[in-house]
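# Survey of secondary and tertiary structure
What follows is each chain in one-letter form.
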Amino acid sequence: MVNTHRGEIEAVLDGKTYRLCLTLGALAELEHAFGEDDMLAVAERFEAGRIAAADAIRMIGAGLRGAGYEIGDEAVGAMRAPGGAAGFVDIVARLLAATFTAARDGSLPEHMEPTGPLDIEAA
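Residues numbered from 1 in each chain as written. Predicted model: local features only at pLDDT ≥ 70, side-chain atom pairs only at ≥ 80, totals over all residues. Heavy atoms only, no water.

## Examining helix α3 (residues 53–66)
Given a rise of 1.5 Å per residue, 14 residues ought to cover 20 Å, and the 20 Å separating the end C-alpha atoms of α3 matches this to within 8%. Those residues of α3 lying buried are A54, D55, A56, M59, I60, G61, A62, G63 and L64. With its phi angle positive at about 105°, G68 sits one or two positions after the end of α3. (Helix = DSSP H or I, 4+ residues; strand = E, 2+ residues; numbered from the N terminus. Expected span 1.5 Å × (residues − 1). Buried < 20%, exposed > 50% of the residue type's maximum accessible area, 1.4 Å probe, protein only.)

Next up, the structure:
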């Protein structure tokens, strides 16, 4: 069972339910991977509603590792999610909301809500 007060979410990947959490270490990993200066810049990177496939892999991988799984990004890239690409975008959106929303109610703050359809860019 996930603990929303810790910023945890559940996601189904390859038919198995996993817990994901962007711990401070996971956020530092993402800062480095994305070349950002701070953790809020990582969140702001996705504000425009666009996400590259490689970004989703890194984000989901960091969330899995933050929750204690030893899963590399290459393995994450080979996983499947219900709903296909849209399912991966949903996981990333829920993970960001759980990490950066004070209320932990699963919704993004108004300034982070997508303004249009999400584009999936190939890595």
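On we go from here.
## Side note on the confidence of the model for the protein
The share of residues in the protein with pLDDT of 70 or more is 82%, and the mean pLDDT across the chain is 84. The model gives residues 114–120 a pLDDT under 50, and that stretch makes 12 contacts with residues more than four places away or in other chains. (pLDDT = per-residue confidence, 0-100. Contact = heavy atoms within 4.5 Å.)

## Some details on the packing of helix α1 (residues 24–34) against α3
The N-to-C vectors of α1 and α3 enclose an angle of 155°; their axes lie 9 Å apart at closest approach. With respect to each other, α1 and α3 are oriented roughly antiparallel. With respect to the hand of their crossing, α1 and α3 are arranged in right-handed fashion. Packed against α1, whose contacting residues are A26, E29, L30, A33 and F34, the element α3 presents D55, R58, M59, A62, R65 and G66 at the interface. (Axes fitted to C-alpha atoms, helices over the stretch in contact; angles between N-to-C directions. Parallel < 35°, antiparallel > 145°, perpendicular 65-115°, else oblique. Left-handed = near helix turned anticlockwise from the far one by under 90°.)

## So, unusual backbone geometry
We note that D14 has phi near 55°; this positive angle belongs to a residue other than glycine. You can see D14 is positioned in the loop between β1 (8–13) and β2 (16–21).

## A short note on α1
All of the buried residues along α1 are A26, L27, L30 and F34. In a view along the axis of α1, the buried residues occupy a sector of 100°, so they form one face of it. Away from its buried face by more than 90 degrees, α1 exposes L24 and H32. Looking at the packing, one finds that the buried side of α1 touches β2, α2 (39–44), α3 and α5 (85–100). Just downstream of α1 lies G35, where phi reads positive at about 70°. (Arc of directions from axis to C-beta.)

## Topic: the environment of L13
Mapped onto the elements, L13 comes out in strand β1. Excluding residues within four positions of it along the chain, L13 makes contact with Y18, I60, L64, M79, R80, A81, F88 and I91.

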